[in-house]
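Each chain, letter by letter, is given below.
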Amino acid sequence: MKRIALVAHNQKKSEMLAWVKRHKDELKKHKLIGTTNTSKLLNSVLDLEVEGFGHGPNGGDILLAAQILEGKVDEVIFLIDAETPHGHEHDIQTLIRTAVLNNVPIALNLATADFLVELNKAERDKEA
């Protein structure tokens, strides 16, 4: 079981919701964590257990980076809105840099997120 972080900018919340709904059966096999608003949305609409850890603009991205540094996160799905400036852009870049430097897969769009789900399935099938 992997520990997967789910994060989405406000303008990407509906995409995250649709993506999680599409992959709900696979994601239920893992420990899910997410920023406060993303986790609340997924828990309320899809009846999932996504543990919240902090609001992105209020330090949530940094908290996630810290969990990566502690070896507590296996994958990050972060649907970013690259068209809108964010006041916490430095925190976002720190999170991305931390994932890269610690060799933690980070999906910043749906195509890569889909790839990680398929990879997880293939790894589990190989173990069986």
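Shown above is the structure to which this text applies.
Computed from a predicted structure; not experimentally measured.

Here we look at the sheet that holds strand β2 (residues 31–34)
Adjacent strands of a sheet form backbone hydrogen bonds with each other and so pair up, either parallel or antiparallel. Read from one edge to the other, the open sheet built from 5 strands follows the order β3-β2-β1-β4-β5, with strand pairing classed as parallel. Bordering the open sheet on either side are β3 (50–52) and β5 (106–107), each of which pairs with just one other strand. Sheet topology note: the β2/β3 ladder contains 3 bridges and is parallel. Bridge pairing in β3 places Leu-32 opposite Val-50. This element, helix α1 (residues 13–22), spans β1 (3–8) and β4 (75–79) of the sheet and lies at about 145° to β1.

Remarks on the side chain of Thr-38
For Thr-38, the location among the structural elements is in helix α3 (residues 36–46). A distance of 3.0 Å separates polar atoms of two side chains, one belonging to Thr-38 and the other to Lys-13. Excluding residues within four positions of it along the chain, Thr-38 makes contact with Leu-6, Val-7, Ala-8, Lys-13 and Met-16.

Observations concerning the pattern of salt bridges
For side chains bearing opposite charge, pairing can occur when the charged atoms are close. Under the counting rule described, the total for this entry stands at 9 salt bridges. The partner of Glu-75 in a salt bridge is Lys-2, with the nearest N and O atoms 3.2 Å apart. Linking Glu-75 in strand β4 with Lys-2 in the segment before β1, this pair joins segments that are 73 residues apart in sequence. On the accessibility criterion, Glu-75 (3% relative accessible area) is buried. Between Lys-121 and Glu-118 there is a salt bridge whose closest N-O contact spans 3.5 Å. Of this pair, Lys-121 and Glu-118 are both found in helix α6 (residues 110–127), 3 residues apart, which corresponds to roughly one turn of the helix. Overall, Glu-118 belongs to the partly exposed group, its relative accessible area being 44%. One salt-bridge network, held together by shared partners, links Lys-2, Glu-75 and Glu-123.

Section: the packing of α1 against α3
Any two packed helices are characterised by how steeply their axes cross, that is the angle between the axes, and by the distance between the axes. It is at 11 Å that the axes of α1 and α3 come closest, and there the two elements cross at 50°. Relative to α3, α1 is oriented oblique. When the axes of α1 and α3 are compared, the crossing they make is right-handed. Contact residues: Lys-13, Met-16, Leu-17, Val-20 and Lys-21 in α1; Asn-37, Thr-38, Leu-41, Leu-42, Val-45 and Leu-46 in α3. Looking at the contact of α1 with α3 residue by residue, the classes come out as 7 nonpolar, 2 polar and 2 charged.

Reading the values: the criteria
- Numbering of residues begins from 1 in every chain and follows the order in which that chain's sequence is written.
- Predicted model: local features are reported for residues with pLDDT of at least 70 only, side-chain atom pairs are reported and counted for 80 or more only, and whole-chain, interface and lining totals are derived from all residues.
- Processing note: side-chain calculations cover all non-hydrogen atoms of the structure and skip hydrogens and water entirely.
- Criterion used throughout: strands pair if DSSP finds at least two bridges between them.
- Think of it this way: any DSSP run of H or I at least four residues long counts as a helix, any run of E at least two long counts as a strand, and we number them from the N terminus.
- In this description, contact between two residues means that some pair of their heavy atoms is separated by no more than 4.5 Å.
- To obtain each axis, a line is fitted to C-alpha atoms, and for helices this fit is confined to the stretch in contact; angles are then taken between N-to-C directions over 0 to 180 degrees.
- Contacts described as polar in this section are N or O atom pairs within 3.5 Å, which, within protein, must combine one atom able to donate a hydrogen with one able to accept it, while residues neighboring in sequence count only if both atoms come from side chains.
- Any Lys or Arg side-chain nitrogen located within 4 Å of an Asp or Glu carboxyl oxygen qualifies as a salt bridge.
- Buried residues are those whose accessible area, probed at 1.4 Å on protein chains only, stays under 20% of the maximum for their type, while exposed residues exceed 50% and partly exposed ones sit between those limits.
- Any angle from 65 to 115 degrees is called roughly perpendicular, while one under 35 is roughly parallel, one over 145 is roughly antiparallel, and all others are oblique.
- Rotating anticlockwise by less than a right angle from the far helix to the near helix defines a left-handed crossing, while the corresponding clockwise rotation defines a right-handed one.
- Throughout, the ten residues Ala, Val, Leu, Ile, Met, Phe, Trp, Tyr, Cys and Pro are labelled nonpolar, Asp, Glu, Lys and Arg are labelled charged, and all others, Gly among them, are labelled polar.

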